[in-house]
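Residues per chain, in single letters:
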Amino acid sequence: MIRIPYIFLSLLMLTQISCITEIKWEGADTSTHNLVVEGLLTDVEQEHIVKLSRTLPVVGNKNPETVSGAQVTINDGTTTFELAEKEPGIYATNNNVKGEIGKKYTLHIRLEGKDYYASDSLVAAPSIEPVEYTTSQFNDDFYMFTLRGNFGSAVPYKYRMVYQIPDDASEYYPPGWEAPDWYTRRISENDRILLDSTFFIHDAVEPAALLIYGEYTRNGILRGTMITEYVHSMSNSYYQFIRAMMSETEWRGVGVVGSIPANVPGNVSNGAYGFFAVSSIKITETLIE
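What comes next is a walk through the structure. (Residues numbered from 1 in each chain as written. Predicted model: local features only at pLDDT ≥ 70, side-chain atom pairs only at ≥ 80, totals over all residues. Heavy atoms only, no water.)

**Re the pattern of salt bridges**
This structure, assessed with the given rule, holds 9 salt bridges. Glu-229 is the partner of Arg-148 in a salt bridge, and the nearest nitrogen-oxygen pair spans 2.8 Å. With a gap of 81 residues between them, Arg-148 in the loop between strand E9 (143-146) and strand E10 (157-164) and Glu-229 in strand E13 (residues 226-232) connect regions that are remote in the sequence. We note a salt bridge from Asp-167 to Arg-192, for which the minimum N-O separation is 3.2 Å. Of this pair, Asp-167 sits in the loop between E10 and helix H2 (181-188) while Arg-192 is found in the loop between H2 and strand E11 (193-201), placing the two residues 25 residues apart along the sequence. (Salt bridge = Lys/Arg side-chain N within 4 Å of Asp/Glu carboxyl O. Helix = DSSP H or I, 4+ residues; strand = E, 2+ residues; numbered from the N terminus.)

**Remarks on empty space enclosed by the protein**
According to the stated counting rule, one finds 1 cavity of 30 Å³ or more in the structure shown. Within this model, the largest cavity holds a volume of roughly 40 Å³. Around the largest cavity, the lining residues are Leu-40, Lys-158, His-232, Ser-233, Tyr-238 and Ser-279. (1 Å grid on protein atoms, 1.4 Å probe; cavity = no way out; pocket = protein on both sides within 12 Å on 5 of 7 lines; lining within 4 Å. Points joined across faces, edges and corners; volume = space filled by probe spheres on them.)

**Points about the environment of Met-161**
Among the secondary structure elements, Met-161 is positioned in strand E10. Overall, Met-161 belongs to the buried group, its relative accessible area being 1%. Those residues in contact with Met-161, other than ones at most four positions away along the chain, are Val-131, Phe-145, Leu-147, Leu-195, Asp-196, Ser-197, Ile-227, Thr-228 and Glu-229. (Buried < 20%, exposed > 50% of the residue type's maximum accessible area, 1.4 Å probe, protein only. Contact = heavy atoms within 4.5 Å.)

**Notes on the side chain of Ser-279**
Along the polypeptide, Ser-279 turns up in strand E14 (residues 273-279). Ignoring sequence-local partners within four residues, the contact set of Ser-279 consists of Leu-40, Leu-41, Thr-42, Asp-43, Leu-122, His-232 and Ser-233.

**A look at the packing of aromatic side chains**
Tallying each qualifying case throughout the model produces 7 aromatic pairs. Note on Phe-145 and Tyr-163: the rings are 5.7 Å apart at their centroids and 85° apart in plane angle, and the pair reads as edge-to-face. Of the two residues, Phe-145 sits in strand E9 while Tyr-163 sits in strand E10, which places them 18 residues apart along the sequence. Summarising the burial analysis for this pair, Phe-145 and Tyr-163 share the class buried. Across from the ring centre of Tyr-230, 5.0 Å away, lies the NZ or CZ of Arg-160, which sits over that ring. (Phe/Tyr/Trp six-rings, centres within 6.5 Å; stacked < 30°, edge-to-face > 60°. Lys NZ or Arg CZ within 6 Å of the ring centre and 35° of its normal.)

**Some details on unusual backbone geometry**
Even without a glycine there, the phi angle at Glu-112 is positive, about 50°. Topologically, Glu-112 is positioned in the loop between strand E6 (104-111) and strand E7 (114-121). Phi at Asn-190 is positive, roughly 55°, even though this residue is not glycine. The exposure class of Asn-190 is exposed, given its relative accessible area of 64%.

**So, helix H4 (residues 236-248)**
Counted at 1.5 Å a residue, the expected span for H4 with its 13 residues is 18 Å, and the 19 Å between its end C-alpha atoms agrees. Among the residues of H4, those classed as buried are Tyr-238, Tyr-239, Phe-241, Ile-242, Ala-244, Met-246, Ser-247 and Glu-248. (Expected span 1.5 Å × (residues − 1).)

**Some words on the environment of Pro-156**
The residue Pro-156 is located in the loop between E9 and E10 in this model. Take Pro-156: its relative accessible area is 13%, and that puts it in the buried class. Distance from Pro-156 to Tyr-239, taken between C-alpha atoms, is 7.1 Å for residues 83 residues apart in sequence. Ignoring anything within four residues of it in the chain, the contact list for Pro-156 reads Ile-201, His-202, Asp-203, Met-234 and Tyr-239.

Remember, this is a structural readout, not a statement about activity or role.
This is the structure in structure tokens:
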């Protein structure tokens, strides 16, 4: 015999399924057309780039609209560096410009009768110990290492590791050593870089990030491989910008520790978005032998 409670429950479930109402997201397909700034100046003598674009609608897959015709300068309190537009929306300094630790740099953008300013201070990059490597657990001819963890540094910094195989690995092995097929193939293709990875090292544990990041070990490293590590300093305001941006991207929606969606706070005035940052870079090289 069919019981009444079961009939009632089934009807209730049907009503829940059939009563879904689509809610229109007002303004999702329109844009405020605000200026977006991406700029970086380092203490390495080279061209330094500032990119200008416009905001996009929330819904859509268009590329950002580039911004041309702006007057762009960077000032250190004494000297003003002018940037030239190399291509639409991309402005560059001369290739002999470099920042100095301890100085404050101000970006000035003059566009369509409006002025935009952004400032950041150049702090020294932290020192790190070279990456530690050991003999591979699978083959004594090779080595292994573990990438740096994402948390626990004294200060936050941007980290990049590049490692590349030697032109002739046999120079680092006894006579008669046979190179693996993958090495021979890469040398013939002039493809020596095996890893080029960039990420951020945080000074404190980020609960949302703990669910994403993990320990990463590289194995099968040949003798003669050169490991180059780049440490980019970050001012506190620049780090807070990166942290907020990651909360809206990589870390967003990660369980109960995810963040509430919000605008990412930048350092550009007059209603523009983005960040102009300055950074010191330290380079450490380690030869596997």
